[in-house]
Amino acid sequence: MQTLTSASLVEYNEATGRFHLHDLVRQFCDGKLNDAERTAAKLRYAGYYRDVCVESDLLYKNGGLDTFRGLELFDRERKHIESAFDWLQSQKDNESATLLVALLFIMRSVGTLRFHPRQRIKWLENQLLASKLIKDRKAECAALGNLGVAHFELGDVRKAIELYNESLPISREINYKRGESGCLGNLARCYRYLGEMDKAISLNEEALSIDREIGDKEGEGGVLNNLGELYAAIDDARRATELFHKALSISIEIGSKRLEAMALANLGIVSSYLDDIHKAISYYDKSLMIIREICDRRNEGLVLTHLANAYAQLGDNNRAVDFYDQALSLHREIGDLHGEANVLSSYAVTVNASGDRMEAIAAAEKSLNILEKMEDPNAEIVRENLARWRK
């Protein structure tokens, strides 16, 4: 290797600690290959990075320190993973389609943390076509479900419901229980945002039954969190707290950092409802520390918003506004319209309390515009605030 480096045929990157071919050497070698050899080499390259993705996903799901190792592996190899995808999605043969489909499953874990929803949609639409080409119904079901998640995060709830309703019958047809549970839970999230609480609770309970039947502890913990959020929303703090503590216990048992962070944040929300603001802030701080460790940008924005709300409840409006600003920047960066609308709505209430009526109206109008497009029932609360402030 030293001889090649000395001859400038291979270069060393001190920042990454890795070697790579000089561009001219790469071009020279490529020129020596015929089309069949070039395709075979690229398939080997894609296959290798498919295996890297699988390892990253497995490490992440192991929990504990392995979660961070999985994320570090993905981050280190991300450029190559994306290059492999770009080439595979341009191919139309079964072998390439099979590799492309294999990359699908990181979208359920690492991909949701690392890719903007629009990038995930680009990947998933290609993977959906590939899964149909090779007639892989399980992959088709997963691609549709993950597309629903991405569209939901962009604020298109109706599109998300449409995709989940395409995925759900496939999961049942092939007896893919994990996929069925995921679809039911995701549909519940949509109906919650549309204000149909009873339907959301029923769907989550159906998902919970499936997760317990198949022994999916992470799925169970996620549904418990979702159910707790629903009971908190209908003012049943006791039931919500019980569900969040169960979710927290499962997260610690299986070492799921993301699940643990969400359970802690939700316990903070319930504490806030019960006016124990200092306890709520303690939960939020613990959650935020974990979220930043795993670089979960979406949920970081949500917890920052909760922290801002807590400080607003304490009357520390300057600190609250600082957290709102941080949360708003994050939500806009990742394209999370739900998060952006919620931050603007809460920010408007806080600055109005500080006496800045015009700033409150401007923020509320922006929030209302987003919420109305998403058919979010919280739009009515913002309308009522605006009506009072405009008098």
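Residues numbered from 1 in each chain as written. Predicted model: local features only at pLDDT ≥ 70, side-chain atom pairs only at ≥ 80, totals over all residues. Heavy atoms only, no water.

A. Inspection of the state of the cysteines at higher detail. Summed over the entire model, instances satisfying the criterion amount to zero disulfides. Its sulfur unpaired, Cys 183 is 5.1 Å from the next cysteine sulfur, which belongs to Cys 141. For Cys 183, a relative accessible area of 3% translates into the label buried. Left unpaired, Cys 190 is separated from the closest cysteine sulfur, that of Cys 183, by 10 Å. The class of Cys 190 is buried, set by a relative accessible area of 0%. (Disulfide = S-S within 2.5 Å. Buried < 20%, exposed > 50% of the residue type's maximum accessible area, 1.4 Å probe, protein only.)

B. Examining the packing of aromatic side chains more closely. Applying the stated criterion across every chain yields a total of eight aromatic pairs. Relative to Phe 323, the ring of Tyr 311 lies with its centre 5.7 Å away and its plane at 10°, an arrangement referred to as stacked. In this pair, Tyr 311 sits in helix α16 (residues 297-313) while Phe 323 sits in helix α17 (residues 317-334), placing the two residues 12 residues apart along the sequence. With respect to burial, Tyr 311 and Phe 323 carry one shared label: buried. (Phe/Tyr/Trp six-rings, centres within 6.5 Å; stacked < 30°, edge-to-face > 60°. Helix = DSSP H or I, 4+ residues; strand = E, 2+ residues; numbered from the N terminus.)

C. Up close: unusual backbone geometry. Not every positive phi belongs to a glycine, and Asp 235 is a case in point at roughly 70°. Looking at the secondary structure, you find Asp 235 in the loop between α12 (217-233) and α13 (237-254). Classification of Asp 235 by relative accessible area gives exposed; the value is 70%. One non-glycine residue, Asp 275, lies in positive phi territory at about 65°. For Asp 275, the location among the structural elements is in the loop between α14 (257-273) and α15 (277-293).

D. Structural view of the packing of α16 against α17. For the pair α16 and α17, interaxial distance at closest approach is 8 Å and the crossing angle is 160°. The angle between α16 and α17 falls in the class roughly antiparallel. The element α16 and its partner α17 pack so that their crossing is left-handed. Across the interface between the two elements, Arg 297, Arg 298, Glu 300, Gly 301, Leu 302, Leu 304, Thr 305, Leu 307, Ala 308, Asn 309, Tyr 311 and Ala 312 from α16 touch Asn 317, Arg 319, Ala 320, Phe 323, Tyr 324, Gln 326, Ala 327, Leu 330, His 331, Glu 333 and Ile 334 from α17. Grouping the constituent residues of the contact of α16 with α17 by class yields 12 nonpolar, six polar and five charged. (Axes fitted to C-alpha atoms, helices over the stretch in contact; angles between N-to-C directions. Parallel < 35°, antiparallel > 145°, perpendicular 65-115°, else oblique. Left-handed = near helix turned anticlockwise from the far one by under 90°. Contact = heavy atoms within 4.5 Å. Nonpolar A, V, L, I, M, F, W, Y, C, P; charged D, E, K, R; others polar.)

E. Highlighting the pattern of salt bridges. A full pass over the atoms with the stated rule returns 29 salt bridges. Arg 292 is the salt-bridge partner of Glu 300, the closest N and O atoms lying 2.9 Å from each other. For Glu 300, a relative accessible area of 8% puts it in the buried group. By sharing partners, the salt bridges in this structure join Arg 172, Lys 177, Glu 180 and Glu 206 into a single network. (Salt bridge = Lys/Arg side-chain N within 4 Å of Asp/Glu carboxyl O.)

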